[in-house]
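Okay, here's what each chain looks like letter by letter:
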2 protein chains.
Amino acid sequence: MIQKYIFGTYIETEAVVKEIAESVGQIPYLTKESDHVFTYQMGEDDIVYGLGESIRGMNKRGWVYEAYCNDDPNHIENIRSLYGAHNFFLVDGAETFGVFVDAPQKVQFDIGYTEREMMKITIAEGGYVIYIVEGDSPSEIVREFRSLIGRSYIPPKWAFGYGQSRWGYKNEADIRKVAEEYRKRDMPLDSIYLDIDYMERYKDFTVDKEKFPDLKGLAEDMKAQGIHLVPIIDAAVKVEEGYEVYEEGLEKGYFCKKENGDVFTAGVWPGKSHFPDFLNEEARQWFGKRYKVLLDQGIEGFWNDMNEPAIFYSEDHMREVFEKLEEYKSKNLDVDTFFAMKDLVLQTANRAEDYRSFYHNYKGENICHDRVHNLYGYYMTRAAQEAFEHLEPEKRILMYSRASYIGMHRYGGIWTGDNQSWWSHILLNIHQLPGLNMCGFLYTGADLGGFGSDVTEDLLMRWLELGIFTPLMRNHSAMGTREQEIYRFGNEEVFCNILGLRYALLPYIYSEFMKAVLKEEMMFRPLAFIYPKDVQARNVEDQLMVGESIMIAPVYTQNAKGRYVYLPEEMKLYRMRSEADMDVEVLSAGHHYVKAELNETLIFIRPDHIVPLAKAGQCVEKIDVSKLWLLSFIKDGAQYELYDDDGYSKDYNVEAHLTKITVEKDGRVGIDGAMKSECVVV
Amino acid sequence: MIQKYIFGTYIETEAVVKEIAESVGQIPYLTKESDHVFTYQMGEDDIVYGLGESIRGMNKRGWVYEAYCNDDPNHIENIRSLYGAHNFFLVDGAETFGVFVDAPQKVQFDIGYTEREMMKITIAEGGYVIYIVEGDSPSEIVREFRSLIGRSYIPPKWAFGYGQSRWGYKNEADIRKVAEEYRKRDMPLDSIYLDIDYMERYKDFTVDKEKFPDLKGLAEDMKAQGIHLVPIIDAAVKVEEGYEVYEEGLEKGYFCKKENGDVFTAGVWPGKSHFPDFLNEEARQWFGKRYKVLLDQGIEGFWNDMNEPAIFYSEDHMREVFEKLEEYKSKNLDVDTFFAMKDLVLQTANRAEDYRSFYHNYKGENICHDRVHNLYGYYMTRAAQEAFEHLEPEKRILMYSRASYIGMHRYGGIWTGDNQSWWSHILLNIHQLPGLNMCGFLYTGADLGGFGSDVTEDLLMRWLELGIFTPLMRNHSAMGTREQEIYRFGNEEVFCNILGLRYALLPYIYSEFMKAVLKEEMMFRPLAFIYPKDVQARNVEDQLMVGESIMIAPVYTQNAKGRYVYLPEEMKLYRMRSEADMDVEVLSAGHHYVKAELNETLIFIRPDHIVPLAKAGQCVEKIDVSKLWLLSFIKDGAQYELYDDDGYSKDYNVEAHLTKITVEKDGRVGIDGAMKSECVVV
C-alpha cells in the first residue's frame, strides 16, 4: 500500500507515474520535527536499505548522505553525494516500510551518523511529497514502489555484451586497433566507446573530421565485426561563434539564464559553455532531436555525461578568483593563507553559489536551478529517449547517464561514474547494485577495472568476474592511467575465459534482467530479501542474489585465494574457469571458506534452480543457443522461464518470448516454448 | 646469515650497527639487470612481506611502492609513498630470504605491478648497499635483520597509556577541559597532545604566552592527574627577525642552502621557513639541545612532525606560480588549460624540483637533498634523542616521528601519519603493523578514529578495540572534522570499558613490547610466521598474532555483528565486554564466524599460553597489579614471563624485571620473581 503526503507547494518531478490520492492526517512511521525535518528512531537491529547510488554498505546505517547530484571522482568513505539522487529507502526491522522523498532539491539523510540509532531527514527549502510504501516484506515493498514509478528502461540486447572504453582513444586508428586486438584473439566484444575525444573541440553533436574523417564508415566496419560505437554526449554546449547548436540554442532562448536574463556561462570540457534548459519542454525536444546527426551515421547508443551538471567554474566566479589571487601574491603564505589560496583554486567546481545563480523555465515558471538541481541529468536523458521514440520508433537505442533521479530509470540506465582502480571499489560496486535496483535502475554497472588510477592485472580479473553478472559490462579508464584493455596483460587466456563465461551466461543475464523489468522486481538482491528470517543472512554485505537461481560471492581483496561465503541454504557451487571448465560441489547451509583462484568465478545455484549456459560467441548476436548446458541443483525438480527476444523490438510482453525449461528429479530435461535448444544437464 | 653488497660510492645512512664484511661475487637471489635495477622472478605462491609503512596488504604483491618520504594525507590504494622509507622486505616462498636496500635516495619496488610475477627494484642515481639476509624461517630472518640494525627505541611506560589529541586545542582552557571530561567520567588517560596550536606563530620551541600563559604550571597540574602533555615539534624553522632559533641557526649556518649558497626558503605552517640541516652533526646537536626549553617546563615527551620534510611551496617556485597564473587570467579555460591551472596551484607541495634544489653538509660533504631525502626525518629524531641522552640521561623521553628511515627505529617510534576516519583505515592499520615491526619500528600506532574526515561512534569504538593492542594508543583528529574525544558520543560506558581493557592488558602489552625489543623480535606477526606450514594461515590478512599468547581478529566493517576468523590451531576465545565481563569458549582449529557486538573485543589465546590481566587504573601508574587475572588456555600447562620495570629507567636487561607465572595442567598457579601478585585463573 502506498500513501502520499504533500508538504507545501512542491515542484512536480514526474518521478511517479501512478495516480495516488493524497493522504490526510499524520504521516506514519516518521516524526515530523519541523517543516523540513523528519526523524525515525531505529531499533538496534534495523537495517536501512536503499538510496541507490551512494557510498558505504548495503545497510546505509552509520553515515550521512546528501541527495544532490555531484560530479566527485573521489568515491571515498567520507563523501556524502555521488552522481545520482535516489531518495528511496527501506527500513527492515521492528517496523518494515519504504519511504520515497520526492523532492528535486537537496535532501539529507542522516542515518545514525549524528546519533547511532536516530535517522533524520532534512529537506531543503521548498515543498515536497513523501510516499510511504508498505507491504508484507522488503521485496513486496520494492515491488509496490517500482509499480509507483513505472517500468525501467530496456536497452537493446547487444548492450548486454562487453564494451571497451577509454578516455583517450584519440582517432579512428585507435578505435580500429582496439577492435583488431580483440578480434584477433577471439575475445568477445560488442561495443567500443567514444569518449570526449571524438568531438570537435568538445562540441556536442560534432565529430572531429581530422581524427574521425568518416564516422559512418567506421561504424559500418565495426558493425560488420559485431561491434557498436557508443559516443558520449555532454550536457553543456560550447560557446563558439558559428557552432550551430550554440547559435540556435541562443537564438531560441534554450539555455539557462541568470537572474538578470543573461545566459549563464561556465567552464566545462570545451571551456566556456551554456547549459541547455532540459526542463523546458521545447528546449528538451530541440536537444533530443540533435542526437539524430549521430543516429544517421549508424550509431545505436549513447552515454550522457557531465549532467549533474558538472561545472568546472563559472565565468563570474573565476573573475573573483583571479582578483583574490592577486591579493595573495605578496603575502607570506602561512597555514591559513596558503590553504585559503589553494581552496580558492580547488573549489571553483560545482559550487552551491553557482547552482543558485541560474534558472530554468519549467512548466512555464522561472525556477532557480538549486531547487530542481537533481532533475537536470534526468531531463537530459529524457530529452534523448523521448527523441528516440520518434526518430527510431521500432528500435531500442542504448542510453545511459551519469547523473540521475528516480524517474529517469524509465528513460535510460546509469553507470556509476568515475570510480578508481581500487579493490575497495569492487566491494562498492557490490554494495550499490541492490540499492540501484530498488530505485528502478536495472541497466547499470561500474567502470570495470576502475576509471581513475592504475589498474593491475589481478584487479581487472577480479572485477570482471563480478562484471560478468552486471547488465552493463564495460571496461573504462581515464587518460593518463595505465592502459587497461584486457589484451595489455600477460594472461590473455584467463581474460578470454572470463568474457566467454559472460557470453555463455548471457541468456540467463538477459532473461533475469527482462523479467526484473517486466515484473518490477530487483535483479540484484541482498540475501535478506530472499531469506528474511535468516539472521545471519541479514548481515551479509558482500554476496548477492542474481536473479532467481544464482548467488554470487565475488573476491574483492588482493592476493586472496578464496573467501568466506555464507549459505542460507544448501547450494551447489560451480567453480568456473571457463564456460566449459568447472568444478562442482554441493555445499551445506552455513559458513564456508571457498577457494577461488584468480581465474575462477564462483556461481552458487539455489536448490531446484537452473541456470542455462549457451555457447559464447564473439558478440551477443553470435551466441549459440542451439544447445544449452544447464547448471542446476536438483532436489525435487526445477523449472526455469527463459526470456528471449530479437533484442531490438519493443513488444516485450509476448508469450513467444518465454521458453520453459524443466529438469525433473530423475534428471529428465524438458523444454517448452519458442526456443528449441538441446538441453544438457552439467 | 647476512651478506653485504656494495654498489658504487654510497652515502652512509647509519641504518646498520653491525660490522659486516663486504661480500664479493654475484648477489644471490636477485638478478642485476643494470647498475640500478634488480629483478626477482616470484613463484605463484610466494608472499612478499615488509616495506614497513606502506599501503595495501601484508602481502605486498600487486603494487609498486616508492621509498621516498612523503607527506600525503590521501592514504588511498593507488599512492606509492607514505611518510616512511623502509627498504626491507622478505620473500617467503620457494626461496625464503630478506633484502635490505640501504639507500637514502628514492628506491622503487615494483612487486608484481607491471608483471604479476616479477619483482623489480629500481634505485635512483647514486651508490647503495644491499644486504641479503638468510635464515631458517621468516622469523629467523627478521631476527637476523633486526640484530643488524640495532635495538629499537623504548619509550617510558606511561607512553603505553591512552592519549587524546586534536589539532585545534587552542589554549590552556581547552586542554584542562579535555582532562576534566576524562577524569570526571573515570576514563583512563595518560597524555594530552599539543598540536601546532600551542606555539607562537608555529615557531619551534616557543609557547604562545597568550594561549598558554603558564605551560609549566599546566604540565604540573596535569601530571598531578596522571596526564602528560606531549607537544609537537616541526622540522622547519620560521623566518622571523628576533626569533632566536632562526637567528642563531642563520648565523651559524645550520640551515640547508641552495646551490648558490643562499639559505633555502619554503612555506610550511609558519609561512616562510628554513630547514635545519640535521645531517650536519653540529646543527643536529644544536637543534637537539633546543628541546630543553620544553623539558624544563616538565614535558617528558614529543612528536616530531613535517620532517619528510613537508614543503607547502618553495619561495622560488611560488614566484613562478603567480607569474603563470597571470597568463591564465584572460584565457577561455578548457579541459587542458583549466586543469593545468588547477595543478599549478595544487602541485606546489613536496615537489621533486624543490627537493633537488637544496643541500646538506653531511660528514663534510655538500650533498643534494634529493640524494639523502629519506634521512631527513630520521636525523631530526636522532637530533632529539641524542640530546635527551645528555639532558635526561636517567630518564626515557617519549619521542616519535612522522617521517622515518630504518635506523631511526633506535631513536624513536613513529605514528602512521594523517590517516582518515575510514573503516578501510582500520584494516590498513592491521596491515602495517607487522611490516613496521620487521623494520624495527615497535613503538607505533595509527591515529585511532582517524585524523581527517568525520568519525562515527561505531568507527571509533571498533578502531579503539584494535588500538587496545598497539603500543602507541592515541586518538587524534584534524581541525574542521567532527570532534572525536570519546566523551562526545552517546555510549560512554562502552568507551570506558574499551580503555579499561587496554589498561588491564597493559602488563601484557608492555611485557610483550619489551621482550620484542630486547630479543629483537616482532610484537605483531602475520599468522604465517607462527604457523609456517599452514597454507591457509599464509593467506590471512586481517588477523594478527600479538606477542606470544594472543591472536586478534578486529572487526573493521561497519554494521558488522561479527566476522570470520581462521584458527590455525584450537584456541580459547575471550569475548571481552570489559576487563571483568566476558564470555569464554574454546574454538577448534579451522574457519569460524565469530560474533562480536560493537562493545566486544575478541581475544584468542593460544594453547598453553597465558595473558595476565591487571586491574585498570586511570593512568598507567595506577594500574593495580597486586592481583592478576590470568586469561589462559591450558592443555598441558603454561608459563609466561612477565616483564616489568619502573617505566623510566634504562637498565632493561635486569633479571629482577622478569616474573615467571605458571599455570599447571591441574589449574595450580605459580608466580616466581619480582612481582608478588595474587594470580587467579579466569
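Note: the structure precedes this text.
Fair warning: this is a prediction, and the values are worked out from it, not measured in the lab.

**With respect to the interface of chain A and chain B**
Accessible area lost on assembly of the parts is the figure often given for the size of an interface. The partner chain B presents 65 residues to the 63 residues of chain A that form the contact. Here chain A packs against chain B, burying approximately 5700 Å² in sum over the two surfaces, 56% of which is carbon and sulfur. Sorting the residues of chain A by area buried against chain B places Glu77, Phe322 and Tyr564 of chain A first, and these three jointly supply 11% of that buried surface. Viewed at the interface, chain B and chain A are joined by six salt bridges. Between Asp45 of chain A and Lys561 of chain B there is a salt bridge, and its shortest N-O distance comes to 2.8 Å. On inspection of chain A and its partner chain B, the count reaches 31 residue pairs in polar contact (both at pLDDT 80 or more).

**Brief notes about the side chain of Glu520 of chain A**
All names here are of chain A. Along the chain, Glu520 falls in the loop between α14 (492-518) and β28 (524-525). Although buried, Glu520 forms no salt bridge, and the nearest oppositely charged side chain, Arg146, lies 6.4 Å from it. Sequence-distant contacts of Glu520, that is, excluding residues within four places in its chain, are made with Arg143, Arg146, Ser147, Gly150, Arg151 and Lys515.

**Side note on α14 of chain A**
All names here are of chain A. With 27 residues, α14 extends 37 Å between its outermost C-alpha atoms, agreeing within 8% with the 39 Å of an ideal straight helix rising 1.5 Å per residue. Its maximal kink placed at Leu505, α14 deviates by approximately 55°, while the proline Pro507 follows within four residues. Following α14 by one or two positions, Glu520 has its phi on the positive side, about 55°.

**Considerations on the state of the cysteines**
Overall, the coordinates contain zero disulfides over all chains when judged by the stated rule. You can see Cys619 of chain A has no disulfide; the closest cysteine sulfur is in Cys496 of chain A, sitting 15 Å from it. For Cys619 of chain A, a relative accessible area of 3% gives the class buried. A disulfide-free cysteine, Cys368 of chain B has its sulfur positioned 10 Å from the sulfur of Cys256 of chain B, the nearest such atom.

**Some thoughts on the packing of helix α7 (residues 315-328) of chain B against helix α8 (residues 335-346) of chain B**
Residues and elements named next belong to chain B. Between α7 and α8, the shortest axis-to-axis distance is 10 Å and the interhelical angle comes to 160°. Judged by the inter-axis angle, α7 sits roughly antiparallel to α8. The element α7 and its partner α8 pack so that their crossing is left-handed. Seen from α7, the contacting residues are Val321, Lys324, Leu325 and Tyr328; seen from α8, they are Thr337, Ala340, Met341, Leu344 and Val345. Residue classes in the contact of α7 with α8 are distributed as seven nonpolar, one polar and one charged.

**Some thoughts on the pairing of strand β13 (residues 191-194) of chain B**
Residue and element names in this part refer to chain B. A two-sided burial pattern is seen for β13, the buried positions comprising Ser191 and Tyr193 on one face and Ile192 and Leu194 on the other. The parallel pair strand β12 (residues 162-164) and β13 is bridged by helix α2 (residues 172-184), and the resulting crossover is right-handed. Following the backbone out of β13, through helix α3 (residues 215-224) and into the adjacent parallel strand β14 (residues 228-234), one traces a crossover that is right-handed.

**What about the relation of the copies chain A and chain B?**
Structural alignment of chain A on chain B gives an RMSD of 0.0 Å, achieved by rotating through 180° and translating 0.0 Å along the axis. Taken together, the rotation and translation relating the two chain copies correspond to the operation of a two-fold axis. Comparing interface residues between copies, 100% of those in chain A also lie at the interface in chain B; the contact surface is shared.

**Considerations on the packing of aromatic side chains**
As enumerated under the stated definition, the model contains 107 aromatic pairs over all chains in all. Between Trp269 of chain A and Phe339 of chain B, the ring centres sit 6.1 Å apart and the planes meet at 40°, which makes this aromatic pair tilted. Taken as a pair, Trp269 of chain A in the loop between β16 (266-268) and β17 (271-274) and Phe339 of chain B in helix α8 lie in two separate chains rather than in one. With centroids separated by 6.1 Å and ring planes inclined at 20°, the aromatic side chains of Phe275 of chain B and Phe358 of chain B adopt a geometry described as stacked. Here Phe275 of chain B, found in the loop between β17 (271-274) and α5 (281-289), pairs with Phe358 of chain B, found in the loop between α9 (352-355) and β20 (359-362); they are 83 residues apart in sequence, far enough to count as distant. With respect to class, Phe275 of chain B is no different from Phe358 of chain B; both count as buried.

**Notes on the sheet that holds strand β5 (residues 63-67) of chain B**
All names here are of chain B. Pairing is antiparallel across the open sheet formed by five strands, whose spatial order is β2-β3-β10-β9-β5. A single partner strand is all that each edge strand has here, and the edge strands are β2 (31-34) and β5. For this sheet the average axis-to-axis angle between neighbouring strands, irrespective of direction, equals 20°. With five bridges connecting them, β5 and strand β9 (residues 107-111) associate as antiparallel partners. When the sheet's bridge partners are listed, Glu66 is paired in β9 with Gln108.

**What about helix α4 (residues 244-252) of chain A?**
Residues and elements named next belong to chain A. All of the buried residues along α4 are Val245, Tyr246, Glu248 and Gly249. Against the buried residues of α4 lie β15 (237-238), β17 and α5 (281-289). Downstream of α4 by one or two residues, Gly253 has phi in the positive range, about 75°.

**Re unusual backbone geometry**
Residues and elements named next belong to chain A. Omega for the peptide link from Glu308 to Pro309 comes to -5°, which places this bond in the cis form. Along the polypeptide, Pro309 turns up in the loop between β18 (301-305) and β19 (313-314). Even without a glycine there, the phi angle at Leu51 is positive, about 60°. Under the relative-accessibility criterion, Leu51 is labelled buried at 5%.

**Notes on the sheet that holds strand β2 (residues 31-34) of chain A**
All names here are of chain A. Spatially, five strands are ordered β2-β3-β10-β9-β5 in an open sheet, and the strand pairing comes out antiparallel. For this open sheet the edge positions go to β2 and β5 (63-67), each flanked by a neighbour on one side alone. The sheet shows a mean angle of 20° between the axes of neighbouring strands, direction not considered. Note: strand β9 (residues 107-111) against strand β10 (residues 118-123), five bridges, orientation antiparallel. Note that in β10 the partner of Gln108 across the bridge is Thr122.

About the criteria used
Residues numbered from 1 in each chain as written. Chains lettered and ligands numbered in written order. Predicted model: local features only at pLDDT ≥ 70, side-chain atom pairs only at ≥ 80, totals over all residues. Heavy atoms only, no water. Contact = heavy atoms within 4.5 Å. Buried area = accessible area lost by both parts, 1.4 Å probe. Salt bridge = Lys/Arg side-chain N within 4 Å of Asp/Glu carboxyl O. Polar contact = N/O pair within 3.5 Å; in protein donor to acceptor, adjacent residues only side chain to side chain. Helix = DSSP H or I, 4+ residues; strand = E, 2+ residues; numbered from the N terminus. Buried < 20%, exposed > 50% of the residue type's maximum accessible area, 1.4 Å probe, protein only. Lys, Arg positive; Asp, Glu negative; His and termini not counted. Expected span 1.5 Å × (residues − 1). Bend = angle between axes of the 7 residues up to and from the residue. Disulfide = S-S within 2.5 Å. Axes fitted to C-alpha atoms, helices over the stretch in contact; angles between N-to-C directions. Parallel < 35°, antiparallel > 145°, perpendicular 65-115°, else oblique. Left-handed = near helix turned anticlockwise from the far one by under 90°. Nonpolar A, V, L, I, M, F, W, Y, C, P; charged D, E, K, R; others polar. Right-handed = clockwise from strand over helix to strand, strands pointing away. Least-squares fit on C-alpha atoms with pLDDT ≥ 70 in both. Phe/Tyr/Trp six-rings, centres within 6.5 Å; stacked < 30°, edge-to-face > 60°. Pairing = 2+ DSSP bridges.

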